[in-house]
Amino acid sequence: RLDEKTGAVVDLRAAGLDVNLADTASGHAINQYLYLIGDNPADLKPTGPAKITVHEAGPLVASLLVESDAPGCHKLRQEVRLVAGLDRVEFINLVDKSRLVAPSYHAREGKESVNFAFPFGVPDGQVRLEVPFGVFQPDTGQIPSACKNWFTVNRWADVSNADFGLTWVTLDAPLVQVGGVTATLLNSQANPDIWRKQVGPTQKLYSWAMNNHWGTNYRAYQEGPVAFRFVLRPHRKLDAAEASRLAIGMSQPLLAAGARGLRAPGIPRLTIDSPDVLVMGLKPSDDGRAIVVRLWGGAGKDVQAKVTWSAPVPRRVSLSDLSEQPLAEVKDTVPVPAWGVVTLRADLP
């Protein structure tokens, strides 16, 4: 259910869960646009009155289109989509950014940011952020003095408790603020005392989609249409490998193209018996005599994975490394450590 004034999601429910997964207690709602000039979160500005219409009427795709006047934009268009048979909701936010004209882009009045709120109703939920080949929790999973004002995620974040939660996939905006709009440090900062010291318990994420806060060697303003896409999937107990499969599938969608040559056999070249192991790469070896496969322990636990090949079956499968040369031979199973990457070389017959 969307708020009639802002178009943000104020009620989000999943089959089998008797709970509203949107937390509106702070005054923000899911996918709400928030614009800030300067560095005081009290000055956050929402959109003007929203016009909500049916964009896709089904039966395959059902979506609502939210159009509104938004500060910092010529226009804001937000599409909220459901697809029949899929357990997720998609957001497509088209920001037609207007240029911020300021006498000085070093002064507070020349600093701006575009944010999207994602406050979740998951009591006692823990925030987890995915990075390349790993997942960590703010505070406990960081080295001392690591940045807590904002974070960079690879593809997804998750907020969940022992029973349920949501996986949040960000396809175009990798910077995320945890707990509130906290990326408010302007220009270069050399004083360590002004940085955020602790995130603390929270179930709120804020996408830091656009900003000009730092002094850099690129343009101090942004303008024109830019799309920011997000995906939410409610779930029961967190499965990190499944979250990665969702995020990889959304960021690397299948592309249909006309085929040439021999007809494909219609069966996978290899299968892995454990859903906790993801195939992150499959390529011909540089010497042309083998197939190189990279496996990732994406569930965060040690796994003995069985790899089954279709014909032609490799004559030998070995552990390898970046050299792609054969090391120890692999027989029935492959040990894949938690969050670890294993390289296999499969020599062709």
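Residues numbered from 1 in each chain as written. Predicted model: local features only at pLDDT ≥ 70, side-chain atom pairs only at ≥ 80, totals over all residues. Heavy atoms only, no water.

**Q** Let's hear about a nonpolar patch on the surface: which residues, and what values?
**A** A cluster of nonpolar side chains, Ile 52, Val 54 and Leu 64, forms an exposed patch at the surface whose accessible area comes to about 230 Å². Looking at where Leu 64 falls in the secondary structure, it is placed in strand 3 (residues 61-68). The exposure class assigned to Leu 64 is partly exposed, which follows from its relative accessible area of 32%. (Patch = residues over 30% accessible without salt bridge, like charges linked within 9 Å, V, L, I, M, F, W, Y side chains within 5 Å. Areas by Shrake-Rupley, 256 points an atom, 1.4 Å probe, with all protein chains shown as cover. Salt bridge = Lys/Arg side-chain N within 4 Å of Asp/Glu carboxyl O. Helix = DSSP H or I, 4+ residues; strand = E, 2+ residues; numbered from the N terminus. Buried < 20%, exposed > 50% of the residue type's maximum accessible area, 1.4 Å probe, protein only.)

**Q** Report on helix 1 (residues 240-251), specifying residues and quantitative values.
**A** If you check helix 1, its first and last C-alpha atoms are 16 Å apart, about what twelve residues at 1.5 Å a residue would give, namely 16 Å. Restricting attention to buried positions, one finds in helix 1 the residues Ala 240, Ala 241, Ala 243, Ser 244, Leu 246, Ala 247, Ile 248 and Met 250. Sitting at the amino-terminal end of helix 1 is Asp 239, which places a side-chain oxygen 3.2 Å from the backbone nitrogen of Ala 241. (Expected span 1.5 Å × (residues − 1). Polar contact = N/O pair within 3.5 Å; in protein donor to acceptor, adjacent residues only side chain to side chain.)

**Q** Can you tell me about the packing of aromatic side chains, naming the residues and giving the values?
**A** With the rule as written, the count across this model stands at 16 aromatic pairs. Here Phe 91 and Phe 118 contribute two aromatic rings whose centre-to-centre distance is 6.1 Å and whose plane-to-plane angle is 75 degrees, an arrangement assigned as edge-to-face. Of the two residues, Phe 91 is situated in strand 5 (residues 89-97) and Phe 118 in strand 6 (residues 112-119); the sequence distance between them amounts to 27 residues. Judged by its relative accessible area of 0%, Phe 118 falls in the buried class. These aromatic residues form a ring-pair network of at least three members: Tyr 33, Phe 91, Phe 116, Phe 118, Phe 120, Trp 168, Phe 228 and Phe 230. A cation sits over an aromatic face here: Arg 99 above Tyr 221, 3.7 Å from the ring centre. (Phe/Tyr/Trp six-rings, centres within 6.5 Å; stacked < 30°, edge-to-face > 60°. Lys NZ or Arg CZ within 6 Å of the ring centre and 35° of its normal.)

**Q** Describe the sheet that holds strand 1 (residues 32-37), with residues and values.
**A** Ordered by their spatial adjacency, five strands build an open sheet running 1-6-13-12-9, and the pairing between neighbours is antiparallel. The two strands at the open ends of the sheet, each matched to only one other strand, are strand 1 and strand 9 (151-152). In the sheet, strand 9 pairs with strand 12 (residues 175-178) via two bridges, with the strands oriented antiparallel. Residue Thr 152 lies in a different strand from strand 12, and its bridge partner there is Leu 175. (Pairing = 2+ DSSP bridges.)

**Q** Could you give an account of the environment of Val 131, naming the residues involved and the relevant values?
**A** Counting through the fold element by element, Val 131 comes out in strand 7 (residues 126-131). The spatial distance from the C-alpha of Val 131 to the C-alpha of Trp 156 is 8.2 Å, given a sequence separation of 25 residues. Dropping the residues within four chain positions of it, Val 131 is found in contact with Phe 136, Thr 152 and Asn 154. (Contact = heavy atoms within 4.5 Å.)

**Q** I'd like a rundown of the pattern of salt bridges, residues and numbers included.
**A** Within this structure, the stated rule accounts for 21 salt bridges. Residues Arg 345 and Asp 287 are paired through a salt bridge, measuring 2.9 Å at the closest nitrogen-oxygen approach. With a gap of 58 residues between them, Arg 345 in strand 21 (residues 341-347) and Asp 287 in the loop between strand 16 (278-284) and strand 17 (290-296) connect regions that are remote in the sequence. Judged by relative accessible area, Arg 345 falls into the buried class, the value being 3%.

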